[in-house]
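Reading the structure
Now for the letters of each chain:
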Amino acid sequence: MAEKDITEKNLEALNDVFADIVNVLLFKGEQIVLENELEADTTKSMFKADGKIHEQERDVSKFWRNGEIRISILGIENQTAQDSDMPLRVISYDGANYKQQLLDKKQKKRYPVATLVLYFGTKEKWTVAKSLYDCFEIPEKLKPFVNDYKINVFNIAFLSPKAIAMFKSDFKIIAEYFRTKRLKQKYKGSKEKLQHANETLKMFSALTGDDSFERVYNESNFNKKGGVTMCDVVERIRNDGINKGILEGQKNIIRNLIESKAGSIEQIAEWVKLPVKEVQKIARETQVLN
């Protein structure tokens, strides 16, 4: 899980991507947050429990500046599965930020905290707890005295085409992919050039559990050529799949020919148009040759 979180951060921690996500999801595409107004914030905070100091960590966190004044801190939490405890986690992160402001004697101006929860599920929208009230059974008479705390959940796979088109960074590629998966459509890949290909494809691998995107990118030397698109990567994955299927078919033919003693290894190699060494290797794998 830790490795997965790190790969997700590689893309979202980039200022242009972070600003893009915030501007589309919070401000409907209006360019309110500029990338040069963002600075990295420590994603770690401490809390004391059971007499011990414990560490908790956000996925990504940034200070948003206005000139030289920090006016806000924005956090991103990535979720591939629904978590009914998310309101408790978010309030603990936000509360830790406010606590740090109280302890910082040099901080003259207080700033608000906002957290975005990005949910990548494709089967249904986020249905579990969206506020503290959803986490407890609270007697009606007590409710007026228990402050609620809602979380900001964004269902990435359910964004409309219009909303996805607002993204200017590589996060658009991520959103398009998950929407396609939700609709159970064939993913063809975008023809737009990836701005951060390595980070984007690592995030694909982390979120989907499928490393073919990242593997093909590295094995195909796309990283040296530059200007790669998701369409290029998807096409290469499909071609690799076809070639693998052809090779598996050849292996089955070779096994059948050897077991039926239809000819020598050299003859079989000539028939299937493969090197003799390759046919010998396949034969050894199936323990046909002693």
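These figures come from a predicted structure and were not determined experimentally.

All right, on to the confidence of the model for the protein chain then. In this model, the protein chain carries an average pLDDT of 81, and 82% of its residues clear a pLDDT of 70 or more. Mean pLDDT across the elements of the protein chain ranges from a minimum in strand β2 (residues 44-49), with 46, to a maximum in helix α4 (residues 161-165), with 96. The low-confidence segment residues 45-49 (pLDDT under 50) makes 15 contacts with residues lying over four places distant or belonging to another chain.

Looking now at the nonpolar core. Membership of the largest hydrophobic core comes to 44 residues, with the highest contact counts inside it found for Leu 118 and Phe 171. Here the element with the most residues in this core is helix α2 (residues 15-27); it accounts for seven residues. Those residues in contact with Phe 171 that sit more than four places away from it in its chain are Glu 12, Val 17, Ile 21, Leu 118, Phe 120, Ile 156 and Met 203. Counting residues in each nonpolar core, the second largest holds eleven residues, with Ile 254, Ala 269, Ile 282 and Ala 283 among its members.

We now examine the packing of aromatic side chains. Within the structure shown, the criterion is met by eight aromatic pairs. Ring centres 5.3 Å apart and planes at 85° place the aromatic pair Tyr 119 and Trp 126 in the edge-to-face group. An aromatic cluster of three or more residues is present, and its members are Phe 120, Phe 167, Phe 171, Tyr 177, Phe 178, Tyr 187 and Phe 204.

The rules behind each value
In every chain, residue numbers begin from 1 and rise along the written sequence. For a predicted model such as this one, the threshold for reporting local features is a pLDDT of at least 70, and the threshold for listing and counting side-chain atom pairs is 80 or more; totals across whole chains, interfaces and linings nevertheless cover every residue. To get the side-chain values, all heavy atoms of the structure are used, and hydrogens and water are removed first. Residue-level confidence of the predictor, termed pLDDT, takes values from 0 up to 100. Segments assigned H or I by DSSP are reported as helices when at least four residues long, segments assigned E as strands when at least two residues long, and all are numbered from the N terminus. The contact criterion used is simple: two residues touch if any of their non-hydrogen atoms lie within 4.5 Å. Put simply, a nonpolar core is a bunch of buried Ala, Val, Leu, Ile, Met, Phe, Trp, Tyr and Cys residues held in one set by side-chain atoms that sit within 4.5 Å of each other. Burial classes follow relative accessibility: with a 1.4 Å probe on protein chains only, a residue under 20% of its type's maximum area counts as buried, one over 50% as exposed, and anything between as partly exposed. Here the aromatic set is Phe, Tyr and Trp, taking the six-membered ring for Trp, and pairing holds for ring centres within 6.5 Å; pairs whose planes are under 30 degrees apart are stacked, those over 60 apart are edge-to-face, and all others are tilted.

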